[in-house]
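Structural characterization, general
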Amino acid sequence: MVIAIDGPAGAGKSTVARAVAAELGITYLDSGAMYRCVALAAVEAGADLDDGEALTALAAGLDIELDGRRVLLGERDVSTAIREPRVTAAASRVSVHPGVREAMVARQRQLIAAADYVAEGRDIGTVVSPDSPLKVFLTASDEERARRRAAETGDDFAFVLDAQRRRDARDTEREHGALRPAEDAVELDTTGLGLEEVVGRVVALAKDRGLA
Ligand code: DC
């Protein structure tokens, strides 16, 4: 069983998905971390981020392990390295390639077939797990999302807002696995809401549907 939490960068997906998973006692799956692993490997290999064929081969050969806490690329703990700004920017570029997405979606389906998950990303409810019994689409205003990210990273607000708009455009305009709510998703605007309130609403939805 998968509870799908999708939405744009900075809407609070990771924090909310982690907290909901902890409250329900099930595993958290950060699908964005997988695209970040592809981006990290590509940046380190000096790969051309527009070369879909080369990136597909690279992605298919990666050994990515997630345990809900750490992200491992082969034997290496890359939990911190994948959050670097250059990797963040590269992740939204490598994730437009259909072959890269296919490889990551296959790995995600392999994981979710084996256990219950709260999975977060952009296409969990639409592509990875379209039969999820609960799909939540988290949003927040552009400014609020950028404010949250700037507070987290210490970067300048205007810089964060600009980079976020470019990432949003790439995420929503790409042909495969584009960011959009599933038809049966519950849309939750978190602007002005505290973490506890958002988590409480998602947990209540899960309980209403007999998932917890
Ligand atoms: O959620 P995040 O910021 O860690 O995601 C990193 C990048 O990966 C982001 O640019 C969008 C992409 N991504 C994706 O295309 N599909 C997903 N299911 C998750 C993330």
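Refer to the structure above for everything that follows.
How each quantity is defined
Residues numbered from 1 in each chain as written. Predicted model: local features only at pLDDT ≥ 70, side-chain atom pairs only at ≥ 80, totals over all residues. Heavy atoms only, no water. Near = heavy atom within 4 Å. Polar contact = N/O pair within 3.5 Å; in protein donor to acceptor, adjacent residues only side chain to side chain. Helix = DSSP H or I, 4+ residues; strand = E, 2+ residues; numbered from the N terminus. Nonpolar A, V, L, I, M, F, W, Y, C, P; charged D, E, K, R; others polar. Expected span 1.5 Å × (residues − 1). Buried < 20%, exposed > 50% of the residue type's maximum accessible area, 1.4 Å probe, protein only. Arc of directions from axis to C-beta. Contact = heavy atoms within 4.5 Å. Salt bridge = Lys/Arg side-chain N within 4 Å of Asp/Glu carboxyl O. Axes fitted to C-alpha atoms, helices over the stretch in contact; angles between N-to-C directions. Parallel < 35°, antiparallel > 145°, perpendicular 65-115°, else oblique. Left-handed = near helix turned anticlockwise from the far one by under 90°. Pairing = 2+ DSSP bridges.

1. Some details on the site of the ligand
- Near the ligand there are 15 residues, and of these Arg36, Arg101, Arg122, Asp123 and Arg174 occur at the shortest range.
- With respect to the ligand, the side chain of Ser31 contributes an N or O atom lying 2.9 Å from a nitrogen atom.
- In the environment of the ligand, a nitrogen atom lies 2.8 Å from a nitrogen or oxygen atom belonging to the side chain of Asp123.
- Elements with a minimum of two residues in the shell around the ligand: α2 (31-45), α4 (85-94) and α8 (157-173).
- Here the element with the most residues in the shell around the ligand is α2; it accounts for four residues.
- Residues of the shell around the ligand, tallied by class, amount to two nonpolar, five polar and eight charged.

2. Topic: helix α1 (residues 13-24)
- Over its 12 residues, α1 extends 16 Å from the first C-alpha to the last, a length consistent with the 16 Å expected when each residue adds 1.5 Å.
- Buried within α1 are the following residues: Lys13, Val16, Ala17, Val20, Ala21 and Leu24. Take α1 and look down its axis: the buried residues cluster within an arc of 130°, on one side only. Exposed residues pointing more than 90 degrees away from the buried face of α1 are listed as Ala22 and Glu23.
- Looking at the buried residues of α1, the elements they touch are β1 (2-6), β2 (27-30), β6 (117-121), β7 (134-139) and α9 (195-208).
- Where α1 terminates, the next one or two residues include Gly25, which has phi positive at roughly 70°.

3. Description of the pattern of salt bridges
- Within the structure shown, the criterion is met by 19 salt bridges.
- Between Glu65 and Arg107 there is a salt bridge, and its shortest N-O distance comes to 3.4 Å. With a gap of 42 residues between them, Glu65 in strand β3 (residues 64-66) and Arg107 in helix α5 (residues 98-114) connect regions that are remote in the sequence.
- Taking the shortest distance from any N to any O, the salt bridge between Glu197 and Arg201 comes out at 3.1 Å. In this pair, Glu197 and Arg201 are both assigned in helix α9, four residues apart and thus about one turn of the helix distant.
- Owing to a relative accessible area of 40%, Glu197 belongs among the partly exposed residues under this scheme.
- Accessibility expressed as a relative area gives 37% for Arg201, which makes it partly exposed.

4. Section: the packing of helix α3 (residues 52-60) against α5
- Running from N to C, α3 and α5 cross one another at 15°; their axes reach a closest spacing of 7 Å. With respect to their mutual orientation, α3 and α5 come out roughly parallel. Every pair of crossing elements has a handedness; the one defined by α3 and α5 is right-handed. Contact residues: α3 offers Leu55, Thr56, Ala59 and Ala60, while α5 offers Gly99, Val100, Ala103 and Met104.
- Here the contact of α3 with α5 is composed, by residue class, of six nonpolar, two polar and no charged.

5. What about the sheet that holds β3?
- Read from one edge of the open sheet, three strands run β3-β4-β5, paired in antiparallel fashion. Each of the sheet's edge strands pairs with one partner strand only, and the pair in question is β3 and β5 (76-77).

6. Looking at the packing of α2 against α5
- At a minimum axis distance of 10 Å, the contact between α2 and α5 shows a crossing angle of 140°. With respect to α5, the axis of α2 lies oblique. When the axes of α2 and α5 are compared, the crossing they make is right-handed. Counted together, Ser31, Met34, Tyr35 and Val38 of α2 and Val100, Arg101, Met104, Val105, Arg107, Gln108 and Leu111 of α5 form the full contact between these two elements.
- Of the residues that constitute the contact of α2 with α5, the class distribution is seven nonpolar, two polar and two charged.

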